Amino acid sequence: MKPGVLITDGKTRFTVRSPRAEALTLCLFDGDAEQRVPMVRDGDNWSVEIAGDLRGSAYGYRASGQWNPPAGLWFDPAKLLVDPHALELDRPFTYDPSLSAYGIDTTAIVPKAVVTAPPSITPAPPLFRHGGLIYELNVRGFTMLHPDVPEAIRGTVAALAHPAIINHLKRLHVSAVELMPIVAWIDERHLPPLGLSNAWGYNPVAMMALDPRLCPGGVPELRDTVAALRAEGIGTILDIVLNHSGESDVLGPVISLRGLDDAAYAKAPDGSLINDTGCGNTLDFGNHAVRTLALDTLRHFVSHCGVDGFRFDLAPIIARSPGFAADAPIFAEIAADPVLADRVMIAEPWDIGPGGYQLGAFPPNWLEWNDRFRDDVRRFWKGEAGLGLLATRIAGSSDIFGKACRAINFLAAHDGFTLADMLAYEARHNWANGEENRDGHGENFSWNNGIEGDTDDATVLSARTTYARALLGTLFVSTGSIMLTAGDEFGRTQRGNNNAYAQDNDTTWIDWERCDLALEAYVCELSSWRASIISELQRFPEDGKWQILKCTKMHLDDTEMHPDDWNSPLTTGFRWQNATYGFTVDRAGPKAGPA
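Just so it is clear, the structure is predicted and the values come from calculations on it, not from any experiment.

1. What to know about the environment of T459
In step 1: Assignment of secondary structure puts T459 in helix α11 (residues 458-476).
In step 2: For T459, a relative accessible area of 62% puts it in the exposed group.
In step 3: For the pair formed by T459 and L359, sequence separation is 100 residues and the distance between their alpha carbons is 39 Å.

Rendered as structure tokens:
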């Protein structure tokens, strides 16, 4: 019997994996009253069948056995444990030091799973087409301050189905929204003492359960929002975190996997936790049970919610055991799965472990975040990279992906400076995070155009706007898929914070009343042009011509680029053109966009 809850023939069966436990107890809750039901071992799993359809009932588990953390044994019957296969929780996770302390009962502070059996749907083929525009957004930050969204649903998944939001997405010709994590997460333990909380959600505990703060309506809310977006031609991609759990390092809480099956975590030969994620632990994808949990999670969101696909945070982890392998089992398992085989799969192709940078190494049908595009385009407009490198990035980064481009090009993402801040700050300003400005990227290839941060200087503001348009024009003419982070189309700022994961406040909440409407209109024009030729942007055409722009002429003519022209100081830009479309880049402008 596979892990999870199954309702059939008027009975409810609970199954959970815990190979080294000595006893497992199902805990059923009716308000504060707890009923404890012994479970029966069946190999590595424990099961119990209860008469009746228990939909809506709250439950958890208690595991008994040895308490010997150095040996991976964290069995403490005082700890209420969340089902790793839970589909719904009755409340969000809240960090408390007692979650890590042996012998302290945690019933009052740990969320209870809720028995649910969402109906399966027949998922339609993904709407997202390679070459389209992915719009990355944080559900809470995107809608908290939107004046047209009713206050009752601001900050939730349901808000994304509001006409005002959909109209904005359609004006931008968004092919798919990419939702930053919406499953149940817990704050890192250093945040509560600082008066901070996790605003991004990249610290999950229950991989399938939607966080009640973001999706209080559970699976139906997500399913209905996905359907509403699909009806307008917009797909939905979930940013999924399968590389670690919020149980953190050995000082972290005992709330789910750690108390049931600590072997889910990758270990060094001395038994210490491997931390290739930088989050305290790493899930071991060489462990079949871990892959089963991951695959069940993906199937759940496709079969019950109809999502187009997934973006995998720190994706090399899913191919580690312990080193990255391009032929790791998970790839073949996804490809062979009838529910998952046609879904959009996107890798963030790096982690912090040995050999963790794997850009270009994922399967041929996967897309990958192309940070080389981000960095080289920034360096070009900053004056630190040449025309040849820029042309390679615009043309699909064949030096990385070959002719069959799998790149997702972007200028900025949730992690790092916003587009506007990249042009207004040379250094990070992360003091509000409580880590003495040590956190976040130190090298951003950013420049402030003369003044650090806010200014009323018209010359500086004009330069920032001009470069923003040039950067955006470069993105929208590039081959491959492209990604825009919500708010960058109208000058969103985080006031120089390039690691705003702990800022659940107006630092990350988009201020819809202070949009640069002219910049937004410009982006809409670029996106309309791109949408009209989307099929041309999946692979760079071989029938075009590169034409030279020289500062001595200050205009383009029919002179083709020669090898020496790419490195000549007289060459300020180029135009590429074929029978279908063309684009121009001029560093002397500075400007870039459709020809």
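2. A look at the side chain of D83
In step 1: Within the secondary structure layout, D83 lies in the loop between β9 (73-74) and β10 (113-114).
In step 2: Of the side chains with opposite charge, R17 lies nearest to the buried D83, which makes no salt bridge, at 11 Å.
In step 3: A distance of 2.7 Å separates the side chain of D83 from the side chain of Y59, its partner in a polar contact.
In step 4: With sequence-adjacent residues up to four places away left out, D83 is seen in contact with G4, V5, Y59, Y61 and S256.

3. Some points on empty space enclosed by the protein
In step 1: In total, this model carries 3 cavities of 30 Å³ or more according to the counting rule given.
In step 2: Size it by volume and the largest cavity reaches roughly 170 Å³.
In step 3: What lines the largest cavity is a set of 18 residues, and nearest its centre among them are N138, M180, R492, Q494 and T508.
In step 4: Among the elements of the structure, β11 (133-137) and α1 (139-143) are those that each provide at least two residues to the lining of the largest cavity.
In step 5: Considering each element in turn, the lining of the largest cavity owes the most residues, 3 residues, to α1.
In step 6: Looking at the lining of the largest cavity, its residues break down into 8 nonpolar, 6 polar and 4 charged.
In step 7: If you add up the space inside the second largest cavity, you get close to 40 Å³.
In step 8: In terms of lining, the second largest cavity is formed by L179, M180, P181, I182, V183, L238, D239, I240 and V241.
In step 9: Top contributing element to the lining of the second largest cavity by residue count: strand β15 (residues 235-240), with 3 residues.
In step 10: For the lining of the second largest cavity, the class distribution of residues is 8 nonpolar, no polar and 1 charged.

4. Some points on the sheet that holds strand β3 (residues 23-30)
In any sheet, the strands associate via hydrogen bonds between backbone groups, in a parallel or an antiparallel arrangement.
In step 1: In spatial order, the strands read β4-β3-β7-β10; together these 4 strands make up an open sheet with antiparallel pairing. Whereas interior strands pair on both sides, the edge strands pair on one side only; in this sheet they are β4 (33-38) and β10.
In step 2: In this sheet, β10 lies alongside strand β7 (residues 58-64) in antiparallel orientation, the contact comprising 2 bridges. Residue pairing for β10: Y59 is matched across the bridge by A113.

5. Quick notes on the sheet that holds β15
In step 1: As summarised here, the arrangement of the 8 strands in space is β11-β12-β15-β16-β17-β18-β19-β20, forming a closed barrel in which the pairing is parallel. Pairwise comparison of adjacent strand axes, ignoring direction, gives a mean angle of 25° for this sheet.
In step 2: Here β11 runs beside strand β20 (residues 481-485); their pairing, made up of 4 bridges, is parallel. Following the sheet pairing, E136 is matched in β20 by T485.

6. Here's the deal with the nonpolar core
In step 1: Formed by 115 residues in total, the largest nonpolar core has its most connected members in F301, F310, F312, W381 and F574.
In step 2: If we skip the residues at most four places from it in the chain, F301 touches V183, M207, M208, L210, L222, L238, I240, G306, V307 and F310.
In step 3: If you look at the next biggest cluster of nonpolar residues, it comprises 40 residues, including A63, L89, V115 and I186.

7. Looking at unusual backbone geometry
In step 1: Note the cis peptide between S321 and P322, where omega equals 0°.
In step 2: Its location among the elements puts P322 in the loop between β16 (309-312) and α6 (329-336).
In step 3: G589 connects to P590 through a cis peptide bond whose omega is -10°.
In step 4: By the secondary structure assignment, P590 is in the loop between β24 (582-586) and β25 (591-594).
In step 5: Here the phi dihedral of N437 falls at roughly 65°; this positive angle occurs in a residue that is not glycine.
In step 6: Along the chain, N437 turns up in the loop between α10 (419-422) and α11.

8. What to know about the layout of surface pockets
In step 1: By volume, the largest pocket amounts to about 1,000 Å³.
In step 2: Together, 38 residues line the largest pocket, and T277, G278, C279, D415 and N499 are the ones closest to its centre.
In step 3: Grouping the amino acids of the lining of the largest pocket by side-chain chemistry returns 13 nonpolar, 13 polar and 12 charged.
In step 4: In this structure, the second largest pocket encloses a volume near 850 Å³.
In step 5: Surrounding the second largest pocket, 28 residues form its lining, A420, G491, R492, T493 and R514 being those nearest its centre.

9. Points about the pattern of salt bridges
In step 1: With the rule as written, the count across this model stands at 40 salt bridges.
In step 2: With its nearest N and O atoms 3.4 Å apart, the salt bridge here joins K2 to D296. Highlighted residues: K2 in the segment before β1 (4-8) and D296 in helix α5 (residues 288-303), separated in sequence by 294 residues.
In step 3: D296 sits in the buried class, given a relative accessible area of 9%.
In step 4: Between R91 and D90 there is a salt bridge; the shortest N-O distance is 3.2 Å.

The rules we used
- Residues numbered from 1 in each chain as written.
- Predicted model: local features only at pLDDT ≥ 70, side-chain atom pairs only at ≥ 80, totals over all residues.
- Heavy atoms only, no water.
- Helix = DSSP H or I, 4+ residues; strand = E, 2+ residues; numbered from the N terminus.
- Buried < 20%, exposed > 50% of the residue type's maximum accessible area, 1.4 Å probe, protein only.
- Lys, Arg positive; Asp, Glu negative; His and termini not counted.
- Salt bridge = Lys/Arg side-chain N within 4 Å of Asp/Glu carboxyl O.
- Polar contact = N/O pair within 3.5 Å; in protein donor to acceptor, adjacent residues only side chain to side chain.
- Contact = heavy atoms within 4.5 Å.
- 1 Å grid on protein atoms, 1.4 Å probe; cavity = no way out; pocket = protein on both sides within 12 Å on 5 of 7 lines; lining within 4 Å.
- Points joined across faces, edges and corners; volume = space filled by probe spheres on them.
- Nonpolar A, V, L, I, M, F, W, Y, C, P; charged D, E, K, R; others polar.
- Pairing = 2+ DSSP bridges.
- Axes fitted to C-alpha atoms, helices over the stretch in contact; angles between N-to-C directions.
- Core = buried A, V, L, I, M, F, W, Y, C linked by side-chain atoms within 4.5 Å.

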